[in-house]
Structures are given as C-alpha cells and as structure tokens.
Amino acid sequence: MPQTPHVGGILTKCPSHFNWLLSMWRSSGYTLSLSWITGFLNLSLRRRRLLQELGDQKIPFLGPPDRGFQQLWDSSYSGLVLRRSCSLPAELHSRVQTALLTLRRKSCLLKDLVRVRDRDVFTAVSRALVGEPGHTYRYLDTRLFAIPWHSEDVEVKGQHCCDPDLRSACKALSELNTFFCTDVYQLKEGDRLTQCAKGEAETKQGEEGDTESKHSEDSNNSGGDSESRQSEEGDTESKHSEEWDIESKHSDEGCSSSKPEGEWETGFKHSSEEGESSQVKPSEVSVSAGLEQSEVKGSGWVVKGSIGPETEPVGLGPQEKPIAQLKHSLSDYHIQDKEEHASGQGCFQPSPPPVYTGPVKFNVTLLNYMDPATMSQLKEEPYYGMGKMAVGWHHDENLVSHSPVAVYSYTCYDDKGESSEGGSGEKACWRIGLKVAWDIHTPGLMLPLESGDCYYMRDELNSTHQHCVLAGDAARFSSTHRVAECSSGTLTYIQSRCREALSNLHTETETGSHRLLALLPTTLQNCEEIHNEVEFEWLRQYWFQGHRYARFCSWWTRPMEQLEKDWKLMETMTMLFLATVEEEGQAAEGRREMAETLLSALTDRHQQRQTWRDRCHSSLAQTLPPEEAPVDRPFWDVDDPNMPLPFDLADIINRVESLLWRM
C-alpha cells in the first residue's frame, strides 16, 4: 500500500498540484480519509497566518562567542559532543589524514550520478564507501559498494584485492572506526566544548545583541534589503535546485534512502522549480516548511520536556525580539498539531523502525571530499544567516534507529597553511549548524571545526534535530562513521535470496535440462521478485557506476560474476514459468492467477530495464570518462543463443495479456 502523501511544500500553494495528488492516489487504489484532507487544508491556512505574522525575520542562532551558547547546547543540543583534535592520538591523526589523501590521489573519491525526481544529476560532493566486507549503502536510487576495511580482526577473502597503499589506507580508517566505537559514549569533562576559538570569548565578552550583528552582517552581505536577498537566493536556488536538493536531503554527513524527512527547505525548493520563487520569501518558507512536516513523522516532534528545560532565546537583538514574541501563538499551533498526531488524525503511521541497542559497532564510513573552490555558487544558509552552505539541512538517513554517528573532519591545508587551490592569509574554518527539527523557537547552534576535530551525534539527536555543513575556505575531508541499516544491503543477504529462488529449480544431472519444482503462485511470485531484486538492486546498480570498483579494488568482482550467473538461471526460471502459463492443460483458475503474477513481474522488469537503459545513455552519463561511464549490463541481442528470453519483453507481455483476455 502506498504511503500517505507528503503534507506541505508546493502542494499547499498550488491547487493544481493538490488535484494531481488526489488523482494519483485515487488511481493507486488508496482512499484519502476526510480527516486527512481536512487536516491538510487546515494546516495550510494556519501556516499562511503564521507567515504573515513572521515576515522577513531571521531565526536567531548562537556560536561559541555568544552569551548563553553553552546553556543552549546543554539544554537543547545535549546529544552533540565535540572531541577536540588535540585529544586524539597524534599517530592516529597522521594515519587517517594520510589515508584520506591516498584515497583522493588514487581517484577513489568520485561524484555520483544519482536520481532525483526522475532526473539524473551529479552530486556536488565526491564520495567513497569503506566498511565491513560485503556491505553496501543506498541513497537516491544509488547503491554504493564498500571497499573492505582490511582490519586485522576481520577476515577479508582476497586480501590482495587492493594495492598495498589502498589496503593501508583502509586499515587506518578501520583503526579510526575502532576508536570511535569505544569512545562515542565515553564522554569526558574536557571533551565538551566551552570555548571554540582562542580569544573570541574575551573579544565578545560583555557585548549585547550578538545575534543581531550576525543577522545584520548577513543582510549586508546578501545585498542589503530583504528584496535583494530574496532575489539572490531565489536565483541561486532555481539555477541549482536539483543539486541542492541532493545535498539537503542526502548529504555528505548523511545520505538517505528513498524519501526525505522534515527538510525546512522542501517547500522553497519545490516552489523554485515550479517557477514560484519570486512569490515565496525564504524566511517564510523556513517556517512553513518546518511546520508542514509536523504531521508526518512522530520522531520529529519537538517536545520541550524531552530535550531539556525550556529556555527563552538569549542574546537577542531588536531584530530577533519579534520572533520571541511569536512564541505564544506558535506554541498554540504546535500543541494543536501534537494532539492531532497523537490521535492518529491526518497522518500515516508506519511500523516503528528497529531501535539500536547494545555496544556501538559502526559498520561503514561514508567518506566525503569538498573543495569550495570547485563548488560554484555556494548557497547562503537561508533561515538563520549562518553563511555559505556546502551541505544543506538534513538528517542522516538509512541508519539503525537512534544509533550514533561519529564524524572526523580534516581540513586539507598545505605546509604553508594554504588550501589546495593556493592563496594566502587566514582561512575561514568549516562549521556545522544544528537546529531542532520543525521548531522555530529554539535558536540554532553553530559549531566551528578545526582540522582533526571529531563530533558525535548521540541518542536521539539525529532524529529530533537537523544539521548542515557551512563551508570554509580550504578543502575538507570528512569520514562519517555510522551503523547503516543493512538488513537487505549485504552480499550475504542477496546470496541467501538467490539460494531461496534457485531452490525451486531442478537441474537434471545427465541432460542439464531444467524444471520448476513448485508451481504455487506465491512461490512463483517470490522467485520473480528476487529475480528483479538481483537485476535492479545489485547488477545494474553495480555496472551503472562503470568500472570504478574493479579499477581500484577487485573485492566485488567475483561476487558480482556469481550473482550474474544466478540471475541468468532465474531468466531460465521465468521462461519455464511462461511455458507453464501458456500450457493449455492447466486448470483455468490457477492458470489465471499464475498469468497475472507473471504479467506483473514482466511489466515491472520491462519498465525498469528501459529506465536503466535510458540512464546509461543519457547526456550526463556520456560526459564521464570511460572507466566511470555507466555500463548497460546485463544486455544482450535478440539472437543471443545463451539467453532463454529476449531483453525487450514487450512481445512476451503482449502474449500474456492476450492469454488473460481469452480466459
């Protein structure tokens, strides 16, 4: 059954999109309840009233020099822990930083060609996945295949799948992973940040309205008045909306699987893409999109008592005071929505995901490389005025629920303190921004990162909060260690699925001929689902990324060859299934059910093959070098004697449809 539609964004501003949503769900066989539609419309009206009251105000945020920063951290961001660079062993720093530079030098960090709203786009961040042997990580219709750790305590079949330098690099990242696993919950008094930048506290001490100066500077840098700021951000958004959509929903510090959750930017992006950016102020959408999510996900509810004592924003200047004054009316709004959510009105409530328990064991690290000099027109952070963003607001996704995330940050300076692109003088540092998800009351938090600093997101922080990455002047690596939800994303898993499907195929020893053992519709349906899973979630995902994996690590080569052999046997099983359906001697009722099952599987397979073929031959794919260009595999010609069925299934689908018509 399809999930309940996303509440908010462009749908609340454009009636034609709301009508499209209704028609889409009617065609899918899902009936929208009256309570959902009523709640949807009421939410839109309440949001509009809020936007008019809020106007163009920025939401305040606090950094280390600001009064009340530590109090805000302790009360509303207690799940965030900073471990300073100086508190890590120097030898570990050296090995990890050498490893990151080695991976970049060997061209292991690459931009992904991902899928967003049925369009292919390149990520702005270069990535690689390192982790437990046979693990994968999926985001934006893209499955990354892990280069194995090569740790001493993990047996890696084919120890020589990488050259010595790459093996040494992966081993260093494994050592960092082991350190994080033992350290992430061992908070020490000296590891919490009290003053980030030397001398900043003394310089700022006694000043009032620090956040006001932040916002006034942001206003000046963005073009002065609100209209020029709105136009500037709207232009940037419309030019790069797809790219920023990727980075805000599935960013370097956390990439999602298939659906975004709770981004404040959702409404603004959709509006820009629909040509409505001139009608929607960024500050307005910062509130509306933040509130519009409140009925969708229970994990995103902001309950003040659950994150610490309620505190008024501190250090607010005159420009921020109107926001604080809105607190009473906004609280009424949130209370009403919380009650609706608790009663189950107006939302779809899926089964809760598995919750992480036991000792921490990070199974993968997603490596990222970002160089501001090569990232054109970085977007201004639109809601707080924190500065230029390399990665927009997001939750880290595809993780075991409530599992921690550990991040190592390395700013890549040369011996003179200059970035890879040259230049001189003092360099601006990278920072992370944090906010309570779907909450405009609590000020945001901005945390500077020195090279070698680490930070942990523990407990429910990743679920209840969002974070962004604010660009510095030099290039930056990050190694983001996580407990990825891999129940259907390991080599062991898909191999077991293959065995499950092939257990229904009997091969004669003497003749080599094949026959199906069971003809129950449920068994046949399961086999065809596994067939599609192997082809589209593994084989085509692997080959769509070209020869990148085999080029620097051969670990996946043999497993993928075996998966392709198993898949070819499943093609034979589909051929036998078709022959059974077309056999006249079958009972009419059972035959019809089998034909419908087969037709559904073949139609899905035919459509997906065409989509993947189009992606492999797209204009963007053609811009990649030969070793990275997508490979349309498996693919075969019509007269290929080694294949039991054709690649193009249109004729077979017509045959099955005609058969059903005659029944």
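From a predicted model like this one, the values you see are computed outputs, not experimental measurements. (Residues numbered from 1 in each chain as written. Predicted model: local features only at pLDDT ≥ 70, side-chain atom pairs only at ≥ 80, totals over all residues. Heavy atoms only, no water.)

A. How the structure looks around the overall build of the chain. Along its length, the chain carries 21 helices and 18 strands. Each of the 663 residues in the chain was classed as buried or not, and the buried ones make up 57%. In the chain, 80% of the contacts between residues at least 6 apart in sequence involve partners at least 24 apart. Looking at the chain as shown, the accessible area adds up to about 28300 Å², and 49% of this sits on carbon and sulfur atoms. (Helix = DSSP H or I, 4+ residues; strand = E, 2+ residues; numbered from the N terminus. Buried < 20%, exposed > 50% of the residue type's maximum accessible area, 1.4 Å probe, protein only. Contact = heavy atoms within 4.5 Å. Areas by Shrake-Rupley, 256 points an atom, 1.4 Å probe, with all protein chains shown as cover.)

B. Spotlight on the packing of helix α16 (residues 491-502) against helix α19 (residues 557-582). One way to put it is that α16 packs onto α19 with a least axis distance of 10 Å and a crossing angle of 25°. By the angle between their directions, the pair α16 and α19 is classed as roughly parallel. When the axes of α16 and α19 are compared, the crossing they make is left-handed. On α19, the residues touching Leu-491, Ile-494, Cys-498, Ala-501 and Leu-502 of α16 are Pro-559, Leu-563, Asp-566, Leu-569, Met-570 and Met-573. Residues of the contact of α16 with α19, tallied by class, amount to 10 nonpolar, no polar and 1 charged. (Axes fitted to C-alpha atoms, helices over the stretch in contact; angles between N-to-C directions. Parallel < 35°, antiparallel > 145°, perpendicular 65-115°, else oblique. Left-handed = near helix turned anticlockwise from the far one by under 90°. Nonpolar A, V, L, I, M, F, W, Y, C, P; charged D, E, K, R; others polar.)

C. Highlighting the confidence of the model for the chain. When the pLDDT values of the chain are averaged, the result is 74; 63% of them are 70 or greater. Throughout residues 193-351 the model reports pLDDT below 50, and contacts reaching past four residues in sequence, or to other chains, amount to 388 contacts. (pLDDT = per-residue confidence, 0-100.)

D. A look at the pairing of strand β5 (residues 136-139). Alternating residues of β5 divide into Thr-136 and Arg-138 and Tyr-137 and Tyr-139, and every residue in both groups is buried. Taking the residues that link successive antiparallel strands as the turn, the β5-strand β6 (residues 142-145) hairpin has 2 residues, and the phi of Leu-140 there is positive, at about 45°. (Pairing = 2+ DSSP bridges.)

E. Region of interest: the sheet that holds strand β1 (residues 61-62). Pairing in this open sheet of 6 strands is mixed, and the strands run β1-β13-β12-β15-β10-β9 from one edge to the other. With partners counted over all chains shown, the strands left at the sheet margins are β1 and β9 (379-380), one partner each. Helix α3 (residues 69-76) rests against β1, β12 (430-436), β13 (444-449) and β15 (465-470) of the sheet, and its axis sits at about 110° to β13.

F. Examining unusual backbone geometry more closely. The omega torsion across Arg-633 and Pro-634 is 5°, close enough to zero to call that bond cis. If you trace the backbone, Pro-634 turns up in the loop between α20 (588-616) and α21 (650-662). Phi angles above zero are rare outside glycine, and Asp-141 is one such case at about 60°. Its place among the elements puts Asp-141 in the loop between β5 and β6. When its relative accessible area of 33% is taken as the criterion, Asp-141 is described as partly exposed. In the Ramachandran plot, His-402 falls in the positive-phi region, its phi being about 65° despite a non-glycine side chain. Here His-402 lies in the loop between β10 (388-394) and β11 (405-412).

G. Fine view of α21. Given a rise of 1.5 Å per residue, 13 residues ought to cover 18 Å, and the 19 Å separating the end C-alpha atoms of α21 matches this to within 8%. Among the residues making up α21, those that are buried are Ile-652, Ile-653, Val-656, Leu-659 and Leu-660. In an axial view of α21, the angular spread of the buried residues amounts to 120°, which keeps them on one side of the axis. Relative to its buried face, α21 has exposed residues pointing more than 90 degrees away, namely Asp-651, Trp-661 and Arg-662. (Expected span 1.5 Å × (residues − 1). Arc of directions from axis to C-beta.)

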